[in-house]
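Inside the fold
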Amino acid sequence: MGLIAIGAGIAVLVGIGAGIGIGIATGKAVEAQARQPEMAGKIQTTLILGAALSEATAIYGLIGAILIMVLLK
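Residues numbered from 1 in each chain as written. Predicted model: local features only at pLDDT ≥ 70, side-chain atom pairs only at ≥ 80, totals over all residues. Heavy atoms only, no water.

Across the interface, helix α1 (residues 2-12) lies against helix α2 (residues 14-35) with an axial gap of 4 Å and an inter-helix angle of 15°. In terms of axis orientation, α1 runs roughly parallel to α2. Note on element contacts: α2 touches α1 through V14, G15 and I16, opposite I10, A11 and V12. Grouping the amino acids of the contact of α1 with α2 by side-chain chemistry returns five nonpolar, one polar and no charged. (Axes fitted to C-alpha atoms, helices over the stretch in contact; angles between N-to-C directions. Helix = DSSP H or I, 4+ residues; strand = E, 2+ residues; numbered from the N terminus. Parallel < 35°, antiparallel > 145°, perpendicular 65-115°, else oblique. Contact = heavy atoms within 4.5 Å. Nonpolar A, V, L, I, M, F, W, Y, C, P; charged D, E, K, R; others polar.)

Before going further, it helps to spend a moment on the environment of G23. Here G23 is to be found in helix α2. The sequence separation of G23 and A51 amounts to 28 residues, and the corresponding C-alpha distance is 9.2 Å.

Here we come to the environment of I68. Assignment of secondary structure puts I68 in helix α3 (residues 40-71). Spatially, the C-alpha atom of I68 lies 29 Å from that of L49, the residues being 19 residues apart in sequence. Beyond its immediate sequence surroundings of up to four residues, I68 is in contact with I4, G7, A8 and A11.

With respect to the helices and strands, S54 occurs in helix α3. With relative accessibility at 17%, the residue S54 sits in the buried group. What S54 contacts, discounting residues up to four positions off in sequence, is A18 and I22. (Buried < 20%, exposed > 50% of the residue type's maximum accessible area, 1.4 Å probe, protein only.)

As structure tokens, then:
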């Protein structure tokens, strides 16, 4: 069970990367909107799309961790 738990823990680390990525992207989007307020709508749309793709990666990591724990018992 020890190696399975380690594998699942590593798979969950994908969520940390997604969180960091979304945080950096949000910060850059705020900076861009401060520089060019007229482009705020387009920047926000792109940010939301990027955040959704990043969250999908985190969900894949979570599903991978669950599969590792369930299937490798």
